[in-house]
Amino acid sequence: MSEIRPWNIGHDSFSCERVYDAERAWLELGVHDAMEIDMILVGSGIHLVLGQAIPCKAGDMFVTPPGIPHRYFLESRGDGLTVRRLSLSSEGLRENDEAMRGCFGLFQDGSVTAYAMMNRAMTERVSALYDAIEEELRDRGKAWQDAVYSNLSLLLIHVARYIDSSIKNSSPVSPSEWNLVLTAMRMVQSNCTDAGLTLRSIADTFGVSAAHLSRIFARLTGKRFADHLREVRLSRACELLRESDLNVEDIVRACGLRDLPSFYKNFGARMGMTPNEYRQKVKQPALDAAMDKKATKREEKIMVILSEISENLQKGKAKIVKEMVQKAIDEGSNPEQILNEGLLDGMSIIGEKFKNNEVYVPEVLVAARAMNMGVQVLKPYLVANGVEAVGKVCIGTVQGDLHDIGKNLVKMMMEGKGLEVIDLGTDVAPETFVQTAIEQNCQVICCSALLTTTMGVMADVVKAAEAAGIRDKVKIMIGGAPVSESFRQQIGADGYTADAASAADAAVAFCK
């Protein structure tokens, strides 16, 4: 038995990216030296063979002989199309095997591709044969060439049984003439800037007459070669007008065009405007698009920085928070955005975790310290931008009580919610609470007490606020170990919470 040379058999899978355009797709047809056995794995699209657009979908198979220009396309943007391909050059077939060389009757006279629509069971069977061929080509075990040949023969027999049609060449141009014209068009695309490029120079390259190439070109494309060459050069000129700052005279030379007057005439006939009018029309949207793209990238970068500010604040990494806040400012982020989406976001998360007993006082303290470091960097920019706090609160431990740990924790949580907090310290008299609220225009007075003996001072604060005539303008909140909701109701205060995070939420609600 003669040997199948392994380098003449190939296997791969590929995904299509180009969308089918009836006017231009055939310019992208590829010429292949091997017979191709293709199975559509996923999706749907168009298989363009010579000038014929054949719809295809998962489960379809195509067997295309060597020398036939063809290519797969998507039907529209967003579609998917994946093809599994076996390629077999004529040298890889056994020369004395008529059955293999004839592909088991797949091709008839004038056929350019054979098309088969497989059912599910046959698709699975054919896929298994592809797998077996791929494995033999990869592993090269004992008698692997014979195994490849056997599986390939069986695959083609299965395909032959499911042939729906053999697509014939509907064009008056033969495949060899197709290849000639397609190659000529690619030469035009690649060498349009050469002023010496003409129909005759291309014909001489192929060893055919200019008249012969001209006739074939017109039959296939429906237009004169000179018109096509001019269109390609004008398209190149449009590209340079869009993407470069060359003057019109330099563009004429760069595109291989004849002279300036004829360029203006042909450009106006095609585009309906002068080259400079075209440049002005298309460049501004391009500049706008570039600026939008740059702005989008900047916004994405800022969002990453804000996320890092929040995450590092929650971990109490004050130095990093300070550096990231400055970085966000340098990138052009709005100070209010840094405050809300970076610092306050991180502190709100810590507050919720504290409320749910997921973190404890030490974690809250280090997070608050990190936030304060960030706020110190941000404060001048907030003032300059006129950014106002969510509300204003004065807080203190009532007269006779020197405990401040709980009070300090509440203050941190409130600042973490964007409130401006005036800390009056400990041993604060009722009149001091009221006077501060009046002078600083506070919306909330917060009173803290740890000793049972000082709880009564909270009632005095309520009475002092009533006496000063601000009771209807200022809310009074109370808290501390001995305080309860029933005590709040008893003295006529407005709010009580059992923990610092809830106190901050309540204060924000009162300020609104």
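Structural data are supplied above this passage.
As the structure is a prediction and not an experimental result, all values here were calculated from the model.

Analysis parameters
Positions within a chain are numbered from 1, following the residues in the order the chain's sequence is written. Reporting of local features is limited, given that this is a predicted model, to residues whose pLDDT is at least 70; pairs of side-chain atoms are given and counted only at 80 or more, and all residues count toward the totals for whole chains, interfaces and linings. The side-chain numbers reported here are obtained from all heavy atoms of the structure, hydrogens and water having been left aside. Helix and strand assignments follow DSSP, with helices taken as H or I runs no shorter than four residues and strands as E runs no shorter than two, numbered in order from the N terminus. Using a 1.4 Å probe on the protein chains alone, a residue whose accessible area is under 20% of its type maximum counts as buried, one over 50% counts as exposed, and one in between counts as partly exposed. Contacts between residues were defined by any pair of non-hydrogen atoms, one from each residue, lying within 4.5 Å. Basic side-chain nitrogens of Lys or Arg form a salt bridge, by our definition, when they fall within 4 Å of a carboxyl oxygen of Asp or Glu. The way it works is a 1 Å grid over only the protein atoms, where trapped points that fit a 1.4 Å probe form a cavity and open points with protein on both sides within 12 Å along at least five of seven lines form a pocket, and then any residue with an atom within 4 Å of a point lines it. Grid points are joined across faces, edges and corners, and a volume is the space filled by probe spheres set on the points. Two strands form a pair only when DSSP identifies at least two bridges running between them. The angle between two axes is taken between their N-to-C directions and runs from 0 to 180 degrees, where each axis is a line fitted to C-alpha atoms and a helix contributes only its stretch in contact. In this analysis, rings of Phe, Tyr and Trp, with Trp reduced to its six-membered ring, are considered paired at centre separations within 6.5 Å, and the interplanar angle assigns stacked below 30 degrees, edge-to-face beyond 60, and tilted for intermediate values. For this classification, the nonpolar set comprises Ala, Val, Leu, Ile, Met, Phe, Trp, Tyr, Cys and Pro, the charged set comprises Asp, Glu, Lys and Arg, and every other residue, Gly included, is treated as polar. Only a pair of cysteine sulfur atoms within 2.5 Å qualifies as a disulfide here. Our arc is simply the arc of the directions from the helix axis toward the C-beta atoms. When the strands point away from the viewer and the path from the first strand over the helix to the second turns clockwise, the crossover is right-handed. To qualify as a nonpolar core, a set must consist of buried Ala, Val, Leu, Ile, Met, Phe, Trp, Tyr and Cys residues joined through side-chain atoms within 4.5 Å. Expected helix span is computed as 1.5 Å times (number of residues minus one). Polar contacts, as used here, are pairs of N or O atoms within 3.5 Å; protein pairs need one atom able to donate a hydrogen and one able to accept it. Residues neighboring in sequence count only if both atoms are side-chain atoms.

Chemist: Go over the overall build of the protein chain with me, naming the residues and quoting the values.
Modeler: Counting secondary structure elements, the protein chain contains 18 helices and 13 strands. Here the protein chain, with 512 residues, has 45% of them falling under the buried criterion. Long-range pairs, those at least 24 residues apart, make up 74% of the contacts in the protein chain with a sequence separation of at least 6.

Chemist: Now, about unusual backbone geometry: what can you tell me, with residues and values included?
Modeler: Notably, Ala-143 is not glycine yet its phi reads approximately 55°, a positive angle. Positive phi outside glycine occurs at Asn-441, with the angle close to 60°. Tracing the chain through its elements places Asn-441 in the loop between helix H15 (430-440) and strand E11 (444-448).

Chemist: With reference to specific residues and values, describe the pattern of salt bridges.
Modeler: Taken as a whole and judged by the stated rule, the model has 20 salt bridges. Asp-227 is the salt-bridge partner of Arg-224, the closest N and O atoms lying 3.1 Å from each other. Among the charged side chains, a network of salt bridges with common partners joins Glu-352, Lys-355, Lys-417 and Asp-505.

Chemist: Account for empty space enclosed by the protein, with residues named and values stated.
Modeler: Counting across every chain of the model gives one cavity of 30 Å³ or more. There is about 50 Å³ of room inside the largest cavity. Along its surface, the largest cavity is lined by Met-347, Ser-348, Gly-351, Met-413, Gly-416, Lys-417, Ala-501 and Ala-504. When contributions to the lining of the largest cavity are tallied by element, the ones reaching two or more residues are helix H12 (335-355), helix H14 (405-416) and helix H18 (500-511). In terms of residue count, H12 provides more of the lining of the largest cavity than any other element does, three residues in total.

Chemist: Explain the sheet that holds E11 residue by residue, including any values.
Modeler: Taken in spatial order, the five strands make up an open sheet running E10-E9-E11-E12-E13, and their pairing is parallel. At either margin of the open sheet sits one strand with a lone partner, and together these are strand E10 (420-423) and strand E13 (495-496). With two bridges joining them, strand E12 (residues 475-479) and E13 adopt parallel strand pairing. Residue Ile-478 lies in a different strand from E13, and its bridge partner there is Tyr-496. Contacts between H15 and the sheet are confined to strand E9 (392-397), E10 and E11, with E9 contributing the most and set at about 160° to the helix.

Chemist: Lay out the packing of aromatic side chains in plain terms, naming residues and giving numbers.
Modeler: For any pair of aromatic rings, geometry is given as the distance between the ring centres together with the angle between the planes. By the definition in use, this model includes eight aromatic pairs. On the numbers, 5.7 Å between centres and 75° between planes, the contact of Phe-267 with Tyr-278 is edge-to-face. With Phe-267 in helix H9 (residues 260-271) and Tyr-278 in helix H10 (residues 275-314), this pair connects stretches of sequence that are eleven residues apart. Here Phe-267 matches Tyr-278 in class, with each residue buried. Among the aromatic residues, those joined into a ring-pair cluster are Phe-14, Phe-62, Tyr-72 and Tyr-115.

Chemist: Quick one: what's the story with the layout of surface pockets, residue by residue and with numbers?
Modeler: One number sums up the size of the largest pocket: a volume of about 610 Å³. Around the largest pocket, the lining comprises 22 residues; the ones closest to its centre are Lys-379, Ala-389, Gly-418, Leu-419 and Glu-420. Considering every element that reaches the lining of the largest pocket, the biggest residue donor is helix H13 (residues 361-385), with seven residues. Among the residues making up the lining of the largest pocket, the classes are represented as eleven nonpolar, six polar and five charged.

Chemist: How would you explain the state of the cysteines if you had to name every residue and give the values?
Modeler: As used in these notes, a disulfide is a covalent bond between sulfur atoms, one from each of two cysteines. In this structure the tally under the stated criterion is zero disulfides. Free of any disulfide, Cys-192 has its nearest cysteine sulfur in Cys-255, 6.4 Å distant.

Chemist: How would you explain the pairing of strand E3 (residues 52-57) if you had to name every residue and give the values?
Modeler: The alternating pattern of E3 places Gln-52, Ile-54 and Cys-56 on a buried face, while none of Ala-53, Pro-55 and Lys-57, on the opposite face, is buried. By the bridge criterion, six bridges tie strand E2 (residues 34-49) to E3 in an arrangement that is antiparallel. Bridge pairing in E3 places Ser-44 opposite Lys-57. What sits between E2 and E3 in their antiparallel hairpin is a turn of two residues, with Leu-50 showing a positive phi close to 50°.

Chemist: Which residues make up helix H5 (residues 199-206), and what values do they have?
Modeler: Those residues of H5 that sit buried are Leu-199, Ile-202 and Ala-203. The arc that holds every buried residue of H5, seen down its axis, measures 100°, which confines them to one face. The exposed residues of H5 that point more than 90 degrees off its buried face are Arg-200, Asp-204 and Thr-205. One or two positions beyond H5, positive phi appears at Gly-207, with a value near 75°.

Chemist: How would you sum up the pairing of E9? Please name residues and give values.
Modeler: Counting buried positions over the six residues of E9 gives six, a clear majority of the element. The pairing of E9 with E10 spans four bridges and is parallel. Among the inter-strand pairings, Lys-392 is bridged to a residue of E10, identified as Glu-420. The parallel pair E9 and E10 is bridged by H14, and the resulting crossover is right-handed. As defined by bridge partners, E9 adjoins E11 across five bridges and the pair is classed as parallel. Among the inter-strand pairings, Cys-394 is bridged to a residue of E11, identified as Ile-445.

Chemist: Please set out the nonpolar core residue by residue, giving values where relevant.
Modeler: By size, the foremost hydrophobic cluster in this structure holds 47 residues, and its most contacted members are Ile-309, Val-325, Leu-343 and Met-414. Elements with a minimum of two residues in this core: H10, helix H11 (318-330), H12, H13, E9, H14, E11 and H18. With nine residues, H13 is the largest single contributor of residues to this core. With sequence-adjacent residues up to four places away left out, Ile-309 is seen in contact with Val-321, Met-324, Val-325, Ala-328, Ile-338, Gly-342 and Leu-343. One finds Leu-27, Ala-184, Leu-213 and Leu-229 within the second-largest nonpolar core, a separate group that totals 42 residues.

Chemist: Describe H18, listing the residues and the values that go with them.
Modeler: Spanning twelve residues, H18 covers 17 Å between terminal C-alpha atoms, matching the ideal 16 Å at 1.5 Å per step. All of the buried residues along H18 are Ala-500, Ala-501, Ser-502, Ala-503, Ala-504, Ala-507, Val-508 and Cys-511. On its buried side, H18 packs onto H12, E9, H14, E11 and E12. The backbone nitrogen of Ala-501 has a side-chain oxygen 3.2 Å away, supplied by the residue at the start of H18, namely Asp-499.

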